[in-house]
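# Fold and geometry: a report
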Amino acid sequence: RICAVIDYVRQIAKSPNLKPWTGVEMIPGKKYHFTCDAENTCNFIRENAGPFFHSTSSCTMGAFKHSEDTNDPTTRRPGKPGVVSPTLEVFGSFGLRIADASVMPDVVNTYPYLTCMAIGHKGAHMAL
């Protein structure tokens, strides 16, 4: 089934409607001709398949300048300033907000789906 999905996605990427936005296929490339019974298809999948983890904490929310006040709720990690304000606005930009798992100062101990939904919901209300 996986090889059929890969073949289908490649067909979509080669469609005339997407031609203005696609370039040369980098991965898996011309080296692999995908048919569900081809040995090289199985080899490609074995070599490249793996778990996917949602990235978190890459644009953390926090104080732009470190506050010496340890009770300051905008300072989550002392000494490590954030990129995003508590209103999800990117410091140094106008009107740009980030509302996904990347704003979490620390990784949550559960699946991030509901946390991301809550961040997006709150971000939408703050943006309006």
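Structure report, in brief. (Residues numbered from 1 in each chain as written. Predicted model: local features only at pLDDT ≥ 70, side-chain atom pairs only at ≥ 80, totals over all residues. Heavy atoms only, no water.)

### A look at the environment of C116
Operational definition: Put simply, DSSP marks the helices as runs of H or I at least four residues long and the strands as runs of E at least two long, and each gets a number from the N terminus on.
In this fold, C116 is placed in helix α3 (residues 113–127). Considered as a pair, C116 and V103 are 13 residues apart in the sequence and their alpha carbons are 9.4 Å apart.

### Quick look at the pattern of salt bridges
Using the following cut-off: We define a salt bridge as a contact between a side-chain nitrogen of Lys or Arg and a carboxyl oxygen of Asp or Glu at a distance within 4 Å. We call a residue buried when its accessible area falls under 20% of the maximum for its residue type, exposed when it is over 50%, and partly exposed in between, using a 1.4 Å probe and counting protein chains only.
In this structure the tally under the stated criterion is one salt bridge. Close ionic contact of E89 with R97 constitutes a salt bridge, the shortest N to O distance being 3.7 Å. Using a relative accessible area of 32% as the deciding quantity, one classes E89 as partly exposed. You can call R97 partly exposed: its relative accessible area is 29%.

### Observations regarding the nonpolar core
What counts is decided by this rule: We define the nonpolar core as a collection of buried residues of types Ala, Val, Leu, Ile, Met, Phe, Trp, Tyr and Cys that are connected through side-chain atoms lying within 4.5 Å of one another. The contact definition used throughout considers only heavy atoms, calling two residues in contact when any of these lie within 4.5 Å.
Core analysis: the largest hydrophobic core is formed by nine residues, namely V84, L88, V90, I98, A101, V103, M104, C116 and I119. With near-sequence residues (within four places) excluded, V90 lies in contact with V83, L96 and I98.

### Concerning helix α2 (residues 39–48)
To keep it simple, the criterion reads: Directions from the helix axis toward the C-beta atoms define the arc.
Every buried residue of α2 is accounted for by T41, F44 and I45. With its buried residues spanning 95° around the axis, α2 presents them on a single face. Of the exposed residues in α2, the ones pointing more than 90 degrees away from its buried face are E39, R46 and E47. Tucked inside the fold, the buried residues of α2 contact α1 (2–13).

### Comments concerning a nonpolar patch on the surface
Convention followed: Within this analysis, patches are made of residues with over 30% relative accessible area and no salt bridge. Like charges are joined at 9 Å or less; nonpolar side chains (Val, Leu, Ile, Met, Phe, Trp, Tyr) at 5 Å or less. Accessible surface area values rest on a Shrake-Rupley calculation with a 1.4 Å probe, where residue burial reflects the displayed protein chains alone.
A surface patch of nonpolar side chains, amounting to about 470 Å² of accessible area, comprises Y8, I12, L18 and W21. Examined against the element boundaries, W21 turns out to sit in the loop between α1 and α2. What makes W21 exposed here is its relative accessible area of 69%.

### Quick word on unusual backbone geometry
For L88, which is not glycine, the phi torsion reads 70° and is therefore positive. Along the polypeptide, L88 turns up in the loop between α2 and α3. Judged by relative accessible area, L88 falls into the buried class, the value being 4%.

### Notes on the packing of α1 against α2
Condition: To define axes, lines are fitted to C-alpha atoms, for helices over the stretch in contact only, and angles between the resulting N-to-C directions are given on a 0 to 180 degree scale. By the definition adopted for this analysis, an angle is roughly parallel if under 35 degrees, roughly antiparallel if over 145, roughly perpendicular if from 65 to 115, and oblique otherwise. Note on residue categories: nonpolar means Ala, Val, Leu, Ile, Met, Phe, Trp, Tyr, Cys or Pro, charged means Asp, Glu, Lys or Arg, and polar means any other residue, Gly included.
Contact geometry of α1 with α2 gives a least axis separation of 10 Å together with a crossing angle of 95°. Overall, the two elements α1 and α2 adopt an arrangement that is roughly perpendicular. Of the residues in α2, those touching α1 at I2, C3 and I6 are T41, F44 and I45. Grouping the constituent residues of the contact of α1 with α2 by class yields five nonpolar, one polar and no charged.

### Considering the environment of I2
Within the secondary structure, I2 sits in helix α1. With 40 residues separating them in the primary sequence, I2 and C42 have C-alpha atoms 9.1 Å apart.

Purely geometric stuff here, so don't read any function into it on its own.
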